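Take a look at the letters that make up each chain.
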Amino acid sequence: MKKRVKLFALLLLPFAAGAQKTASVYINGNEPKQTISRHIYGHFSEHLGRCIYDGFWVSDTSTLPRKDRIRLDVVEALKKINIPNLRWPGGCFADEYHWRDGIGARNLRPKLINTHWGNVTEDNSFGTHEFLELCSLLGTEPYICGNLGSGTIEEMNKWVEYLNFDGLSPMTELRKQNGRVAPWKVQYWGVGNENWGCGGSMTADFYADQYRRYATFSKNYPGAPLKKIAGGPSSDDYNWTEVLMKKVPLNMMWGISLHHYTIPKTWADKGSATAFDEKEYFASMRSTLKMEELVTKHSIIMDRYDPAKKVALVVDEWGIWTNVEPGTNPGFLYQQNSMRDALVAATTLNIFNNHCDRVKMANLAQTINVLQALILTKGHQLLLTPTYHVFDLYKVHQDATWLPLQINGPEYAVDGQKLPALNISASKDSNGVVHISLVNLDANNTITIKTALNGISFKTVTGQAITAAKFTDVNSFEKPDVVKPTAFNGAKKEGDNLVVTVPKLSVVVLELK
Ligand code: AHR
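Residues numbered from 1 in each chain as written. Predicted model: local features only at pLDDT ≥ 70, side-chain atom pairs only at ≥ 80, totals over all residues. Heavy atoms only, no water.

1. Focus on the packing of aromatic side chains
Here is step 1: Evaluation of the coordinates by the stated rule reveals 24 aromatic pairs.
Here is step 2: Relative to tyrosine 211, the ring of tyrosine 207 lies with its centre 6.2 Å away and its plane at 50 degrees, an arrangement referred to as tilted. With tyrosine 207 and tyrosine 211 both in helix H6 (residues 204–216), this residue pair falls four residues apart, about one helical turn.
Here is step 3: You can call tyrosine 211 buried: its relative accessible area is 0%.
Here is step 4: Among the aromatic residues, those joined into a cluster by ring pairs are Trp57, Trp88, Phe93, Tyr97, Trp99, Phe126, Phe131, Trp159, Tyr162, Trp184 and Trp189.
Here is step 5: Here the guanidinium or amino end of arginine 50 rests over the ring plane of tyrosine 334, the centre of that ring lying 5.4 Å away. (Phe/Tyr/Trp six-rings, centres within 6.5 Å; stacked < 30°, edge-to-face > 60°. Helix = DSSP H or I, 4+ residues; strand = E, 2+ residues; numbered from the N terminus. Buried < 20%, exposed > 50% of the residue type's maximum accessible area, 1.4 Å probe, protein only. Lys NZ or Arg CZ within 6 Å of the ring centre and 35° of its normal.)

Structure (structure tokens):
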């Protein structure tokens, strides 16, 4: 009997916690290709819940360190991860936003209803000047989304004039009266948001025609050409992309947006941010990996019309969307952020890096206190989420040269369903330093990877890892450092190559010098 138990235990060994799997990876350093645009690492701040109000923008009586009402600890944290661009004012809010409500003396600005997000009062104290001041403090490029859904062409035209014109005009006079002499020269310009849904419930054909009109009157002023981004499809609405590519001349758009959220369960009941089992974790990762298929298929359509890849795919909303935290306003989309979120972020960024020939920009939804946030705040407290730490480790890929790679790796199986356990991207920076980011999604198995590195010579390898005992582990205001980067010693040089042991549920970023 004892013998049989032992035999059974031996058979189970590969499935036990800490069991090992193997993979081989080939990285080609001889074929440096495109640049991974730093704008893939962009963020999104909507007038939604506590992202702007009580996130970036605090009360005028707050004793927190602040510039005007902008919270400076938030600014410092975001500067550390080199945030390259910030999208604003929405989201769904953008297609209800009338920019003139948010300029001039604050006490005279209208108080309105934010109908999309909880019907709360929008006091317009955070408007154009405040957003652009925030961008300047962050050292980041503004990405403004104009109102095509409920705004007029004249309104969009005048907003661009107010922002970007340097000569004499009614809008530049108004800007000066409001305290700003020089134009801001905003480049990234969204022409509507989700116009198939909250942005006007339009058909693709109708939107394409509207885009042409609004984009025509969004002027390029001297020294301030716009990079116009058309409101693109939701997830796998390939027809939307096809119609835009067919109907809009390529020189009229810099990019087409794409929105895809990771949904653990269903849209009606998305699942909890903190209490979920392995089945739900697996489903979340499957929904995340769908991004690979979406980017590939939308790119194939774009390639047919634009083989030179002049038009960018701009994934300007992505991330995991769960149920709100119990007891919080359902319209505020406040959710916790776990080790699962770190794996969602790292996997998605690997996908974008590996498609950097077409994906030139992306924006995680959203920066503070909303959806897959980088930062959560509570009064004076601020915590950095597992997702924040991924962006911190991955910043090494910004504007680096992408290195092509091939993975022959194991699968991660739950209930007979399978997905690739491993995803990786690699780049070489301007100093010749190679960075490899590896993600092991498997909740039970370590993966040992033998790499063949072609044309990459290095003397040392160092690394950092983000991992946790459970995919549900979170950073809380009581315990803010449960999930954070630590030194990684699982990589060693073997001859000219590299052997890496990647722990289960982990994100590892290696530096080869
Ligand atoms: O990010 C939250 C919302 O999700 C955005 O406002 C909208 O564009 C999308 O549906």
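2. Focus on the sheet that holds strand S8 (residues 141–146)
Here is step 1: One closed barrel accounts for eight strands, arranged S2-S5-S8-S9-S10-S11-S12-S13; its pairing is parallel. Across the sheet, the mean angle separating the axes of adjacent strands is 30 degrees when strand polarity is ignored. (Pairing = 2+ DSSP bridges. Axes fitted to C-alpha atoms, helices over the stretch in contact; angles between N-to-C directions.)

3. Topic: the pattern of salt bridges
Here is step 1: On inspection of all chains with the given rule, the structure shows 30 salt bridges.
Here is step 2: Of the charged contacts in the structure, one is a salt bridge between arginine 100 and glutamate 154, with a shortest N-O distance of 3.5 Å. Within this pair, whereas arginine 100 is found in the loop between strand S5 (85–88) and strand S6 (112–114), its partner glutamate 154 is found in helix H4 (residues 153–164), the two being separated by 54 residues in sequence.
Here is step 3: Sharing partners across several salt bridges, the network here consists of Asp303, Asp306, Lys309, Asp357 and Arg358. (Salt bridge = Lys/Arg side-chain N within 4 Å of Asp/Glu carboxyl O.)

4. Focus on the site of the ligand
Here is step 1: Lining the immediate surroundings of the ligand are 13 residues, of which Glu46, Cys92, Glu194, Tyr261 and Glu317 lie closest.
Here is step 2: Contacts to the ligand include glutamate 194, whose side-chain N or O atom sits 2.7 Å from an oxygen atom.
Here is step 3: Interatomic distance of 2.8 Å between a side-chain N/O atom of tyrosine 261 and an oxygen atom of the ligand.
Here is step 4: Its free accessible area being 280 Å², the ligand has 94% of it covered by the protein chains.
Here is step 5: Along the lines of polarity and charge, the residues of the shell around the ligand split into seven nonpolar, three polar and three charged. (Near = heavy atom within 4 Å. Polar contact = N/O pair within 3.5 Å; in protein donor to acceptor, adjacent residues only side chain to side chain. Areas by Shrake-Rupley, 256 points an atom, 1.4 Å probe, with all protein chains shown as cover. Nonpolar A, V, L, I, M, F, W, Y, C, P; charged D, E, K, R; others polar.)

5. Points about unusual backbone geometry
Here is step 1: Geometrically, the link from tryptophan 88 to proline 89 is a cis peptide bond, its omega value of 5 degrees lying close to zero.
Here is step 2: Within the fold, proline 89 resides in the loop between S5 and S6.
Here is step 3: With omega at -10 degrees, the peptide bond leading from alanine 365 into glutamine 366 counts as cis.
Here is step 4: Of note, glutamine 366 is situated in the loop between strand S13 (359–365) and strand S14 (375–378).
Here is step 5: Positioned with a positive phi, lysine 309 is a non-glycine residue whose angle comes to about 55 degrees.
Here is step 6: With respect to the helices, strands and loops of the structure, lysine 309 is situated in the loop between helix H8 (278–305) and strand S12 (312–320).
Here is step 7: Here lysine 309 falls in the partly exposed class, since its relative accessible area comes to 23%.
Here is step 8: One non-glycine residue, asparagine 369, lies in the positive phi region at around 60 degrees.
Here is step 9: Along the chain, the position of asparagine 369 falls in the loop between S13 and S14.
Here is step 10: According to the relative accessible area criterion, asparagine 369 is buried, its value standing at 1%.

6. Remarks on the packing of helix H7 (residues 238–247) against H8
Here is step 1: One can describe the packing of H7 onto H8 by two numbers: an axis separation of 9 Å at closest approach and a directional angle of 25 degrees. With respect to H8, the axis of H7 lies roughly parallel. Like other packed secondary-structure pairs, H7 and H8 cross with a definite hand, here right-handed. On H8, the residues that touch Tyr238, Thr241, Glu242, Met245 and Lys246 of H7 are Glu293, Leu294, Lys297, His298, Ile301, Met302, Arg304 and Tyr305. (Parallel < 35°, antiparallel > 145°, perpendicular 65-115°, else oblique. Left-handed = near helix turned anticlockwise from the far one by under 90°. Contact = heavy atoms within 4.5 Å.)

7. Side note on the environment of leucine 226
Here is step 1: As for its position among the elements, leucine 226 is in the loop between H6 and strand S10 (227–230).
Here is step 2: Note: C-alpha distance between leucine 226 and glycine 118 (108 residues apart in sequence) is 33 Å.
Here is step 3: Filtering out sequence-adjacent residues up to four positions away, leucine 226 remains in contact with Val160, Asn164, Val186, Gln187, Trp189, Ser218, Lys219 and Asn220.

8. Observations concerning the confidence of the model for the protein chain
Here is step 1: On average, the protein chain scores 95 in pLDDT, and the residues at 70 or more come to 96%.
Here is step 2: Note that residues 1–17 has pLDDT below 50 and, in this model, seven contacts with residues that lie over four places away or in other chains. (pLDDT = per-residue confidence, 0-100.)

9. Overview of the domain arrangement of the protein chain
Here is step 1: As assigned here, the protein chain comprises domain 1 (2–32 + 403–512) and domain 2 (38–398).
Here is step 2: Counting residues at the interface gives 41 residues for domain 1, matched by 38 residues for domain 2.
Here is step 3: Summed over the three residues of domain 1 that lose the most area to domain 2, namely Phe471, Asn475 and Phe477, the buried surface amounts to 23% of that side.
Here is step 4: Across the contact surface, domain 1 and domain 2 share one salt bridge.
Here is step 5: Across the salt bridge formed by aspartate 415 and lysine 279, the nearest N and O atoms sit 3.8 Å from each other.
Here is step 6: Across the contact surface, domain 1 and domain 2 share 18 residue pairs in polar contact (both at pLDDT 80 or more). (Domains from an automatic or database assignment. Buried area = accessible area lost by both parts, 1.4 Å probe.)

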